Amino acid sequence: MKTFSWRYLAYADGSFCRMSNIDGSLDNYTDADLARMEAARSTNNEDEEVKSAWEPCSRCGGGLTLHWHGPWVSGVMMELCPACDAHKPAARAFLDWHRDPDRDPEILPQLFEDWETETMHAHGWSRAAEPEAPSAPPAHPRLVPRGTG
């Protein structure tokens, strides 16, 4: 069974990139290595996930802090707008992190997940609980070592 997680790379201006880390494939890469990979991907990819802050909010027309594709099958475009979303707890925490010049990049994954959950919930989606690993069947008697006696 493959494990799936994300690696996040936060830049000094508060922008970031998110890369899929299947089976820990990116665990041994440094942030500098990830930045080089992201730069190469961005120059070759016309449809970037993160849009620049000049893109207008679909609700108020103001500038967005973040415009992101929702989970794969949802078709939702998530927007983080300082004017429209400041009253939402997860969005406000993400906005505060983005504005803080001393932001801690280590908390970015949890902030993003909380904001994604909050935003998708507003669109009628909910995050499924992590599935439990199936219990292993009992070992065949031939595989169980005999006791001493």
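Scroll up a little and you will see the structure.
This one's a predicted model, so the numbers in the text were calculated from it and none came from an experiment.

**Student:** Even after reading the chapter, I still don't get the state of the cysteines, so can you show me in this structure?
**Tutor:** Here, disulfide denotes a covalent bond that connects the sulfur atoms of two cysteines. Evaluation of the coordinates by the stated rule reveals zero disulfides. Considering cysteine sulfurs only, Cys 81 is the nearest to Cys 57, which forms no disulfide, with 3.8 Å between them. Look at Cys 57 and you get buried, because its relative accessible area is 5%. Left unpaired, Cys 84 is separated from the closest cysteine sulfur, that of Cys 60, by 3.6 Å.

**Student:** Before we go on, may I ask you to explain the pattern of salt bridges in this structure?
**Tutor:** Proximity of charged atoms lets side chains of opposite charge pair with each other. According to the stated counting rule, one finds five salt bridges in the structure shown. For the salt bridge of Arg 36 with Asp 33, the shortest nitrogen-to-oxygen distance reads 2.4 Å. Residue Arg 36 and its partner Asp 33 are located together in helix α1 (residues 31–44), separated by three residues, close to a single helical turn. We note a salt bridge from Lys 88 to Asp 85, for which the minimum N-O separation is 3.1 Å. Classification of Lys 88 by relative accessible area gives partly exposed; the value is 24%. Overall, Asp 85 belongs to the buried group, its relative accessible area being 2%.

**Student:** Before we go on, may I ask you to explain the packing of helix α2 (residues 89–99) against helix α3 (residues 108–122) in this structure?
**Tutor:** A pair of packed helices is characterised by two quantities: the angle between their axes and the separation of those axes. Axis separation between α2 and α3 bottoms out at 8 Å; the angle between their running directions is 145°. Crossing of α2 against α3: the hand is left-handed. Residues Pro 89, Ala 90, Ala 91, Ala 93, Phe 94 and Trp 97 of α2 form the contact with α3, whose participating residues are Leu 108, Leu 111, Phe 112, Asp 114, Trp 115 and Glu 118.

**Student:** Quick question: what am I supposed to make of the pairing of strand β2 (residues 16–20) here?
**Tutor:** Regular strands show a simple pattern: their side chains alternate between the two faces of the sheet. Among the five residues of β2, four are classified as buried, and the element is accordingly described as predominantly covered. Bridging between strand β1 (residues 6–10) and β2 involves five bridges; their strand directions are antiparallel. Bridging across to β2, Leu 9 finds its partner in Cys 17. What sits between β1 and β2 in their antiparallel hairpin is a turn of five residues, with Gly 14 showing a positive phi close to 95°.

**Student:** Got a minute to help me understand the nonpolar core in this structure?
**Tutor:** When a protein is soluble and globular, its nonpolar side chains tend to lie buried together. Core analysis: the largest hydrophobic core is formed by 16 residues, its most contacted members being Phe 16, Leu 66, Phe 94, Phe 112 and Trp 115. Those elements that place two or more of their residues in this core are β3 (66–69), β4 (77–80), α2 and α3. Looking at this core, the element that brings in the most residues is α3, giving five residues. The contacts of Trp 115, once residues within four sequence positions are left out, are Leu 66, Trp 68, Met 78, Glu 79, Leu 80, Ala 90, Ala 91 and Phe 94. Residues Leu 9, Cys 17, Leu 26 and Leu 34 belong to the second largest nonpolar core, which totals five residues.

**Student:** Explanation requested: α3 in the structure shown.
**Tutor:** Residues spaced three or four apart along an α-helix face the same direction, because each turn holds 3.6 residues. Counted at 1.5 Å a residue, the expected span for α3 with its 15 residues is 21 Å, and the 21 Å between its end C-alpha atoms agrees. Three or more residues of α3 are buried, namely Leu 108, Leu 111, Phe 112, Trp 115, Glu 116, Thr 119 and Met 120. Take α3 and look down its axis: the buried residues cluster within an arc of 150°, on one side only. On its buried face, α3 is in contact with β1, β2, β3, β4 and α2. Positive phi shows up at Gly 124, right after α3, with a value of about 90°.

The rules behind the values
Residues numbered from 1 in each chain as written. Predicted model: local features only at pLDDT ≥ 70, side-chain atom pairs only at ≥ 80, totals over all residues. Heavy atoms only, no water. Disulfide = S-S within 2.5 Å. Buried < 20%, exposed > 50% of the residue type's maximum accessible area, 1.4 Å probe, protein only. Salt bridge = Lys/Arg side-chain N within 4 Å of Asp/Glu carboxyl O. Helix = DSSP H or I, 4+ residues; strand = E, 2+ residues; numbered from the N terminus. Axes fitted to C-alpha atoms, helices over the stretch in contact; angles between N-to-C directions. Left-handed = near helix turned anticlockwise from the far one by under 90°. Contact = heavy atoms within 4.5 Å. Pairing = 2+ DSSP bridges. Core = buried A, V, L, I, M, F, W, Y, C linked by side-chain atoms within 4.5 Å. Expected span 1.5 Å × (residues − 1). Arc of directions from axis to C-beta.

Keep in mind that these numbers describe shape and distance, not what the molecule does.
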